[in-house]
Amino acid sequence: IVFLENMIMNYIIIYATVIVLKNKVSQIRILFGSFIGAIYTVVMYLNILPIYSNFLMKFILSIIIVYVSIKPHTMKKLFKDLIVFYFVSFVFGGCSFALIYCVAPHLALVKNGVFVGEYPLKIAILGGVVSFIVIKTSLVLIKNKLNKKDIIYKLNIGINNKKLEIKDLLDTGN
């Protein structure tokens, strides 16, 4: 059950990542990335190889999942995709855990860092919907804030009767 649940959750997270990135990726790639993540979760859950529970191994696994699922063509694209993957994962995990703790806190159990409590399908679906809304809303807000027309200004500089007009990026100082 741990394997199947994590395979499904990984699939949803990778699929949402692909949507946010606006990439075209085959379902087979997403399934394979989900499979790798689910295998890793079982290894962690059973505590078969304790080395796999350290931060470096988790980071390497994330890179492998993103590379296998999305297949970025450059290192820069790989790390951009990895950041979006983490963003989606954190939002999805946060929304799902918040729903469990609010709706049914007695179901929230953790073993070796892996959530093992009952995870009702209704909460998983609701967590996915809420996460998707949070992600889409965040992206719209960020895009609106980063509109070039709003942050690039013409700047006139004058020294000794010489004038120069340049484009400048607004810096709020924050």
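Preceding this paragraph is the structure being described.
Visitor: What is the right way to read a nonpolar patch on the surface from this model?
Guide: A surface patch of nonpolar side chains, amounting to about 410 Å² of accessible area, comprises Leu155, Ile157, Ile159, Leu164 and Ile166. Put simply, the parts of the chain that give the nonpolar patch at least two residues each are β3 (152-159) and β4 (162-169). No other element matches the three residues that β3 contributes to the nonpolar patch.

Visitor: Whenever I open this one, the environment of Ala104 confuses me. Can you help?
Guide: Among the secondary structure elements, Ala104 is positioned in the loop between α4 (75-103) and β1 (110-111). The spatial distance from the C-alpha of Ala104 to the C-alpha of Ile123 is 9.5 Å, given a sequence separation of 19 residues.

Visitor: How should the side chain of Ser69 be read in this particular structure?
Guide: Within the secondary structure, Ser69 is located in helix α3 (residues 55-70). Polar contacts involving the side chain of Ser69 include one to the main-chain carbonyl oxygen of Ile65, which spans 2.8 Å. Sequence-distant contacts of Ser69, that is, excluding residues within four places in its chain, are made with Ile14, Val25, Arg29, Ile30 and Gly33.

Scoring rules and cut-offs
Residues numbered from 1 in each chain as written. Predicted model: local features only at pLDDT ≥ 70, side-chain atom pairs only at ≥ 80, totals over all residues. Heavy atoms only, no water. Patch = residues over 30% accessible without salt bridge, like charges linked within 9 Å, V, L, I, M, F, W, Y side chains within 5 Å. Areas by Shrake-Rupley, 256 points an atom, 1.4 Å probe, with all protein chains shown as cover. Salt bridge = Lys/Arg side-chain N within 4 Å of Asp/Glu carboxyl O. Helix = DSSP H or I, 4+ residues; strand = E, 2+ residues; numbered from the N terminus. Polar contact = N/O pair within 3.5 Å; in protein donor to acceptor, adjacent residues only side chain to side chain. Contact = heavy atoms within 4.5 Å.

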